[in-house]
Amino acid sequence: MFEVSSFLSLLFATILPLALTGLFVWGFVDALMRPARQFELAGRSKNFWLGILGGGGLLFFAVRMLRLWFPFAGWVSLGFLIAAVFYLGPERQRMGPRWTDRGPRRRQSRGGW
């Protein structure tokens, strides 16, 4: 019983918060790689999303991994997590593929046979 308890503690105290922090990192890197013009399609600026994802990732890491405390830390970190998931879902879909500057990469047809 002790081993199951320690595994669950490791899972919920270390592995899950690190994975969720990785979600912020993924979104931040994706936002850095996209041209600012694509963010206009979604209705928010690139700087807005970089601030939300970068600040939210730092705050989430500080609250969940470093165990820093401030009032409503859990609610604030949950709000940032929801914003990161929203960016990686519907917002990225509205922006389209990342390489639209040159058009989508398609195999060129050689025609005929």
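The coordinates are above.
Everything in this summary refers to the structure shown in the same document. Note that this is a predicted model, so its numbers are computed, not measured. (Residues numbered from 1 in each chain as written. Predicted model: local features only at pLDDT ≥ 70, side-chain atom pairs only at ≥ 80, totals over all residues. Heavy atoms only, no water.)

1. Examining the overall build of the protein
- Within the protein one finds four helices and zero strands.
- The N-to-C order of helical and strand elements in the protein reads α-α-α-α.
- Every one of the 113 residues in the protein was classed for burial, and the buried ones make up 29%.
- With an accessible surface of roughly 8,300 Å², the protein has 66% of that area assigned to carbon and sulfur atoms. (Helix = DSSP H or I, 4+ residues; strand = E, 2+ residues; numbered from the N terminus. Buried < 20%, exposed > 50% of the residue type's maximum accessible area, 1.4 Å probe, protein only. Areas by Shrake-Rupley, 256 points an atom, 1.4 Å probe, with all protein chains shown as cover.)

2. Some thoughts on the packing of aromatic side chains
- For the coordinates displayed, the defined rule picks out five aromatic pairs.
- On the numbers, 5.5 Å between centres and 40 degrees between planes, the contact of F24 with F60 is tilted. Taken together, the residues F24 in helix α1 (residues 2-33) and F60 in helix α3 (residues 46-64) connect sequence positions 36 residues apart.
- Look at F24 and you get buried, because its relative accessible area is 1%.
- A residue is classified by how much of its surface remains accessible, and F60, at 4% relative accessible area, is buried.
- Residues F39 and Y87 carry aromatic rings whose centres are separated by 6.5 Å and whose planes lie at 10 degrees to one another, so their mutual orientation is stacked. Of this pair, F39 sits in helix α2 (residues 36-42) while Y87 is found in helix α4 (residues 73-95), placing the two residues 48 residues apart along the sequence. The same class applies to F39 and to Y87, which are both buried.
- Taken together through their ring pairs, the aromatic side chains of F39, F48, W49, F86 and Y87 make up a single cluster. (Phe/Tyr/Trp six-rings, centres within 6.5 Å; stacked < 30°, edge-to-face > 60°.)

3. Topic: unusual backbone geometry
- Of note, R67 is a non-glycine position whose phi angle comes to about 60 degrees, a positive value.
- Tracing the sequence through the fold places R67 in the loop between α3 and α4.
- Phi at F72 takes a positive value of approximately 60 degrees, unusual for a residue other than glycine.
- Mapping F72 onto the fold places it in the loop between α3 and α4.

4. Regarding the nonpolar core
- Counting 16 residues, the largest nonpolar core has A31, F39 and Y87 as the members making the most contacts within it.
- Mapped by element, the contributors of at least two residues to this core are α1, α2, α3 and α4.
- In terms of residue count, α4 provides more of this core than any other element does, six residues in total. (Core = buried A, V, L, I, M, F, W, Y, C linked by side-chain atoms within 4.5 Å.)

5. Describing a nonpolar patch on the surface
- The grouping of V4, F7, L8, L10, F12, I15 and L16 at the surface amounts to a nonpolar patch, some 650 Å² of accessible area in total.
- Overall, L16 belongs to the partly exposed group, its relative accessible area being 39%. (Patch = residues over 30% accessible without salt bridge, like charges linked within 9 Å, V, L, I, M, F, W, Y side chains within 5 Å. Salt bridge = Lys/Arg side-chain N within 4 Å of Asp/Glu carboxyl O.)

6. Topic: the side chain of S77
- One can find S77 in helix α4.
- Engagement of the side chain of S77 in a polar contact is seen with the side chain of R64, the distance being 3.3 Å.
- Those residues within four positions of S77 in sequence are excluded, and the remaining contacts are L59, F60, V63 and R64. (Polar contact = N/O pair within 3.5 Å; in protein donor to acceptor, adjacent residues only side chain to side chain. Contact = heavy atoms within 4.5 Å.)

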